[in-house]
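One-letter residues, chain by chain:
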Amino acid sequence: MDIRIYGDEVLHKRADEVEEITPEIKELIEAMFVKCPESNGIGLAAPQVGVSKRFFVVVVPESSEDAEIITHAFKQVFINPVIKEPAGSWKYEEGCLSVPGIWEIVERPEAVNIEYTDIDGNRHKERFDGLMARVIQHEYDHLEGILFVSRLPKLKQELLKRKLKALKERERDY
Ligand SMILES: [Zn+2]
């Protein structure tokens, strides 16, 4: 499972609804639950692994002094998510596994509601704030074909142009 990098067309288009949670999709979700922390990420969207479908995983590891015990403070897949009722505003530094080497401050709503389907097909509605709301909005953007760098002020985007061009042109070594 390769992580797609900036410039790969699958990252720049709107992903399709999940019509049915097939065994293949379940398998992919399980693989993403592993790939996400393995890559030192806390969120991973299907388009980032080359699948243009509307779902993403969030895996926030619990910090533990005992490396033998791998526990998860939060682990969830969000299928066909819909974000509603954004509130507040928060500037926080973001990075992205698909845009390696770039970390920038992005302004986003501080809290959001999200409606989503879980792996068993049940629909949920929950409210998140802080870091969780941040990850959810970043990952949701991937389903819309939006990368966090295009949420930056225009001047900042100009300054990043060369770095982004280099990412686009480099050979994938993941
Ligand atoms: Zn990302």
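Use the structure listed above.
Residues numbered from 1 in each chain as written. Predicted model: local features only at pLDDT ≥ 70, side-chain atom pairs only at ≥ 80, totals over all residues.

Enquirer: What is the right way to read the environment of Val58 from this model?
Expert: Within the fold, Val58 resides in strand β2 (residues 55-61). In sequence terms Val58 and Ala45 are 13 residues apart; their C-alpha atoms lie 8.7 Å from each other. Beyond its immediate sequence surroundings of up to four residues, Val58 is in contact with Ile42, Gly43, Phe74, Gln76, Val135, Ile136 and Glu139. (Helix = DSSP H or I, 4+ residues; strand = E, 2+ residues; numbered from the N terminus. Contact = placed C-beta atoms within 7 Å.)

Enquirer: Would you take a moment to explain helix α3 (residues 154-169) for this structure?
Expert: Taking 1.5 Å per residue as the helical rise, α3 with its 16 residues ought to reach 22 Å, and the 22 Å between its terminal C-alpha atoms agrees with that figure. The sharpest bend along α3 reaches about 50° and sits at Leu160. For α3, the tally of buried residues reaches only zero of 16 residues, placing the bulk of the element at the surface. (Expected span 1.5 Å × (residues − 1). Bend = angle between axes of the 7 residues up to and from the residue. Buried ≥ 20, exposed ≤ 12 C-beta atoms within 10 Å, placed from the backbone.)

Enquirer: What is the right way to look at helix α1 (residues 23-38) in this model?
Expert: At 3.6 residues per turn, the α-helix brings residues three or four places apart onto the same side. The end-to-end C-alpha distance of α1 is 23 Å, a good match for the 22 Å that 16 residues give at a rise of 1.5 Å each. Regarding α1, the residues found buried are Leu28, Met32, Lys35 and Cys36. Of the surrounding secondary structure, the elements contacted by the buried residues of α1 are β1 (43-45) and β2. Asn40 sits one or two residues past α1 and shows a positive phi near 60°.

Enquirer: Mind showing me how you'd approach unusual backbone geometry here?
Expert: Working note: non-glycine residues mostly have negative phi, and peptide bonds are mostly trans. Of note in the backbone geometry, Asn40 takes a positive phi value of approximately 60° without being a glycine. Within the fold, Asn40 resides in the loop between α1 and β1.

Enquirer: It is not clear to me how the environment of Ile114 should be interpreted in this structure. Could you clarify?
Expert: Secondary-structure assignment places Ile114 in strand β6 (residues 111-117). Considered as a pair, Ile114 and Phe78 are 36 residues apart in the sequence and their alpha carbons are 8.9 Å apart.

Enquirer: Even after reading the chapter, I still don't get the nonpolar core, so can you show me in this structure?
Expert: A general tendency of soluble globular proteins is for nonpolar side chains to be buried together. One finds Leu44, Phe56, Val57, Val58, Phe78, Ile136 and Leu147 to be the most contacted residues of the largest nonpolar core, which totals 35 residues. Where this core is concerned, the elements lending two or more residues are α1, β1, β2, β3 (72-87), β6 and α2 (130-143). Residues within four places of Leu44 in sequence aside, it is in contact with Met32, Lys35, Cys36, Phe56, Val57 and Leu97. (Core = buried A, V, L, I, M, F, W, Y, C linked by C-beta atoms within 7 Å.)

Enquirer: Would you mind going over the pairing of strand β7 (residues 123-129) with me for this structure?
Expert: Each regular strand shows side chains that alternate between the opposite faces of the sheet. Of the pairings in the sheet, the one linking β6 to β7 comprises seven bridges and is antiparallel in character. Across the sheet, Ala111 pairs through a bridge with Asp129, a residue of β7. Count of turn residues in the β6/β7 antiparallel hairpin: five residues, of which Gly121 carries a positive phi of about 90°. (Pairing = 2+ DSSP bridges.)

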